[in-house]
Amino acid sequence: MSVALRVGAFVAALVAWSALIGIPNDPVGILIWGWLATVLMGVHHGFWTDWWPIVVALAGYWLVRGLIDDVTAALGLVVHVTEPIRFDRWLSRLFGGPDLTPTEQLQAAWCGDPCLKSGDPAWWDVALNTVYATHFYVAMVLGVVLWVRNKVSWRDWMNRYLTLLLVGLVGYLVYPTAPPWMALDAARITSRGWNDLGLERQNMVLIGMGNQVAAMPSLHTGIAALVAFWGISRMGTRLRWLLLAYPVLMGLALCYFAEHYVIDEIAGVAAAGAVMLGWRISDRSRVRRRSWAGPGTPA
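As the structure is a computational prediction, the values presented were derived from the model and not from experiment.

Rules behind the numbers
- Residues numbered from 1 in each chain as written.
- Predicted model: local features only at pLDDT ≥ 70, side-chain atom pairs only at ≥ 80, totals over all residues.
- Heavy atoms only, no water.
- Helix = DSSP H or I, 4+ residues; strand = E, 2+ residues; numbered from the N terminus.
- Buried < 20%, exposed > 50% of the residue type's maximum accessible area, 1.4 Å probe, protein only.
- Areas by Shrake-Rupley, 256 points an atom, 1.4 Å probe, with all protein chains shown as cover.
- Lys, Arg positive; Asp, Glu negative; His and termini not counted.
- Charge placed at Lys NZ, Arg CZ, Asp CG, Glu CD.
- pLDDT = per-residue confidence, 0-100.
- Contact = heavy atoms within 4.5 Å.
- Axes fitted to C-alpha atoms, helices over the stretch in contact; angles between N-to-C directions.
- Parallel < 35°, antiparallel > 145°, perpendicular 65-115°, else oblique.
- Left-handed = near helix turned anticlockwise from the far one by under 90°.
- Nonpolar A, V, L, I, M, F, W, Y, C, P; charged D, E, K, R; others polar.
- Patch = residues over 30% accessible without salt bridge, like charges linked within 9 Å, V, L, I, M, F, W, Y side chains within 5 Å.
- Salt bridge = Lys/Arg side-chain N within 4 Å of Asp/Glu carboxyl O.

Which residues make up the overall build of the protein chain, and what values do they have?
The secondary structure content of the protein chain amounts to twelve helices and two strands. Beginning at the N terminus, the succession of helices and strands in the protein chain can be written as α-β-α-α-α-α-α-α-α-α-β-α-α-α. In terms of overall dimensions, the protein chain has a C-alpha envelope of 60 × 50 × 45 Å along the principal axes. Residues classed as buried in the protein chain amount to 43% of the 299 residues present. For the protein chain, the accessible area works out to roughly 15,400 Å², and carbon and sulfur atoms hold 67% of it. Placing the 22 positive and 19 negative side-chain charges of the protein chain at their respective mean positions leaves the two points 18 Å apart.

This is the structure:
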């Protein structure tokens, strides 16, 4: 079978699955589809040997993230409600806006009155929901592409991605935060626009375990920023700076949908930057140790 036919068969199967069952949403489900793509392309040798530790780490993250809100409740930790609201309103005033959070302002301007998830979606609802949904795919798709093309780059990317997930878990435990849809008079309108198009996301392997106070830092924004920082650090073209639009659009979507405050998103970008910087220092230190030890010496 030619490459074109194999690609066509894969795309047809994925479209049929997405239409009948739902778009693969969890990282392991996406990875299975990535593996199927490598099988069709004949480049799958060693796939699960390399990927199984990643799968275990992702399953652990998925489980712990879902349990953290129970842990914080059991430990009697305070869920922060007012501090993010005060910061976002201060930020609005700082830039000459009203004493309202960006979420309140965006929903007043774009959502309609009353602002309802079931309301008639505009084109920006569909566009921003598409940006929001990429959070669930981009890291794993990038990982599969890098695994096929360059194992060293794949390992570097997965190290940074998993480290950022760990930073997120620490943040959720140390500073549990109520999101805008819970703390404000704001509607949680995530998926508005997609539902009208018949688009649904479906967890295939890792069933969703909700954590209502996993807002600080925003990993949606953090992972988008990590993708942008990674691409900027690896690409030579001037167009690489356009990647910064990705976390900006993600942050806009999250504020509008009442999923996160701006302060959550700032924390997510800062976490991504810290992860990139930390691994850069670690990599340079490892190179120096190798040069001191001499050629052929293990790191």
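Right, picking up where we left off after that structure.
Tell me about the confidence of the model for the protein chain, and name the residues and values.
For the protein chain, the average pLDDT comes to 88, and 93% of its residues sit at 70 or higher. Considering each helix and strand of the protein chain separately, the mean pLDDT is smallest for strand S2 (residues 201-202), with a value of 72, and largest for helix H11 (residues 245-256), with 97.

Mind laying out the side chain of Ser-191, listing which residues take part and the relevant values?
Note that Ser-191 resides in the loop between helix H9 (180-183) and S2. In contact with Ser-191, not counting residues within four places along its chain, are Lys-117 and Asn-129.

With reference to specific residues and values, describe the packing of helix H3 (residues 47-74) against helix H7 (residues 138-149).
Between H3 and H7, the shortest axis-to-axis distance is 12 Å and the interhelical angle comes to 155°. In terms of orientation, H3 and H7 fall into the roughly antiparallel class. Classified by chirality, the crossing of H7 by H3 is right-handed. Across the interface between the two elements, Phe-47, Asp-50, Trp-51 and Leu-58 of H3 pack against Met-140, Gly-143, Val-144 and Trp-147 of H7. Residues belonging to the contact of H3 with H7 are distributed by class as follows: six nonpolar, one polar and one charged.

Hey, could you go over unusual backbone geometry for me, with residue numbers and the actual values?
Residues other than glycine predominantly adopt negative phi, and peptide bonds predominantly adopt the trans conformation. With an omega dihedral of 0°, the bond running from Asp-113 to Pro-114 counts as a cis peptide bond. The peptide bond linking Met-216 to Pro-217 adopts the cis configuration, its omega dihedral lying at 0°. If you trace the backbone, Pro-217 turns up in the loop between S2 and helix H10 (219-234). Phi at Ser-191 is positive, roughly 80°, even though this residue is not glycine. One non-glycine residue, Ala-258, lies in the positive phi region at around 65°. In this structure, Ala-258 sits in the loop between H11 and helix H12 (262-293).

I'd like a description of a nonpolar patch on the surface, backed by residues and values.
On the surface, Leu-63, Val-64, Leu-67, Val-71, Leu-75, Leu-77, Leu-166, Val-170, Leu-173 and Val-174 cluster together into a nonpolar patch covering about 830 Å² of accessible area. Contributing elements (two or more residues each) for the nonpolar patch: H3 and helix H8 (151-174). Structurally, Leu-67 can be placed in helix H3. Here Leu-67 falls in the partly exposed class, since its relative accessible area comes to 36%.

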